[in-house]
Amino acid sequence: MFDIIRSYIAKEDYYLIILNSGIYIKNYQKLIGIKEDEIIIAIEENLYRIKGSNFILTKSIDKELMIKGCVESVVRL
């Protein structure tokens, strides 16, 4: 069963999951900047601005990010 889940996730180009406690991002190209109230990230030739408050980078492994904080909006630039 875990192999099925793992193979499904591996096929995803990228994804963002907004949680109550922050945001999880997988397969991004580049983290342009992170401030307490704004994140700018490059994903598949697009730039995204994530606005919110109290952002803290809690995990950065390979092309995965976990950021704690309150997400208010995600906009493609």
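Before reading on, note that the structure itself is shown above.
Basis of the calculations
- Residues numbered from 1 in each chain as written.
- Predicted model: local features only at pLDDT ≥ 70, side-chain atom pairs only at ≥ 80, totals over all residues.
- Heavy atoms only, no water.
- Phe/Tyr/Trp six-rings, centres within 6.5 Å; stacked < 30°, edge-to-face > 60°.
- Salt bridge = Lys/Arg side-chain N within 4 Å of Asp/Glu carboxyl O.
- Helix = DSSP H or I, 4+ residues; strand = E, 2+ residues; numbered from the N terminus.
- Buried < 20%, exposed > 50% of the residue type's maximum accessible area, 1.4 Å probe, protein only.
- Contact = heavy atoms within 4.5 Å.
- Pairing = 2+ DSSP bridges.

Engineer: Explanation requested: the packing of aromatic side chains in the structure shown.
Structural biologist: Aromatic ring pairs are described here by two measures, namely the spacing of the ring centres and the angle between the planes. What the rule picks out here adds up to one aromatic pair. Relative to Tyr24, the ring of Tyr15 has its centre 6.0 Å away and its plane inclined at 45°; by these criteria the two rings are tilted.

Engineer: How should the pattern of salt bridges be read in this particular structure?
Structural biologist: Where charged atoms of side chains with opposite charge meet at close range, the side chains can pair. Applying the stated criterion across every chain, the model contains four salt bridges. Between Glu38 and Lys51 there is a salt bridge, with the nearest N and O atoms lying 3.9 Å from each other. Here Lys51 lies in strand β5 (residues 46-61) and Glu38 lies in strand β4 (residues 38-43), a separation of 13 residues in the sequence. A relative accessible area of 32% means that Lys51 is categorised as partly exposed. Three or more residues joined by partner-sharing salt bridges are found here, namely Lys35, Glu38, Arg49 and Lys51.

Engineer: What is the right way to look at the environment of Ile67 in this model?
Structural biologist: Among the secondary structure elements, Ile67 is positioned in strand β6 (residues 64-76). On the basis of relative accessible area, Ile67 is assigned to the buried category, the value being 0%. With 33 residues separating them along the chain, Ile67 and Ile34 place their C-alpha atoms 9.7 Å apart. The contact partners of Ile67, leaving out residues within four places of it in the chain, are Ser21, Gly22, Ile23, Ile34, Ile39, Phe55, Ile56, Leu57 and Thr58.

Engineer: Looking at this structure, how should I read the pairing of strand β2 (residues 22-26)?
Structural biologist: Regular strands place their side chains on alternate faces of the sheet. Of all the five residues making up β2, five are buried; the element is thus mostly covered by neighbouring parts of the structure. With burial as the criterion, each face of β2 is covered, one bearing Gly22, Tyr24 and Lys26 and the other bearing Ile23 and Ile25. The turn linking strand β1 (residues 15-19) back onto β2 is made up of two residues.

Engineer: Before we go on, may I ask you to explain unusual backbone geometry in this structure?
Structural biologist: Leaving glycine aside, a negative phi is the common case for residues, and trans is the common case for peptide bonds. The residue Asn54 is not glycine, and still its phi comes out positive at about 60°. Following the sequence through the fold, Asn54 ends up in strand β5.

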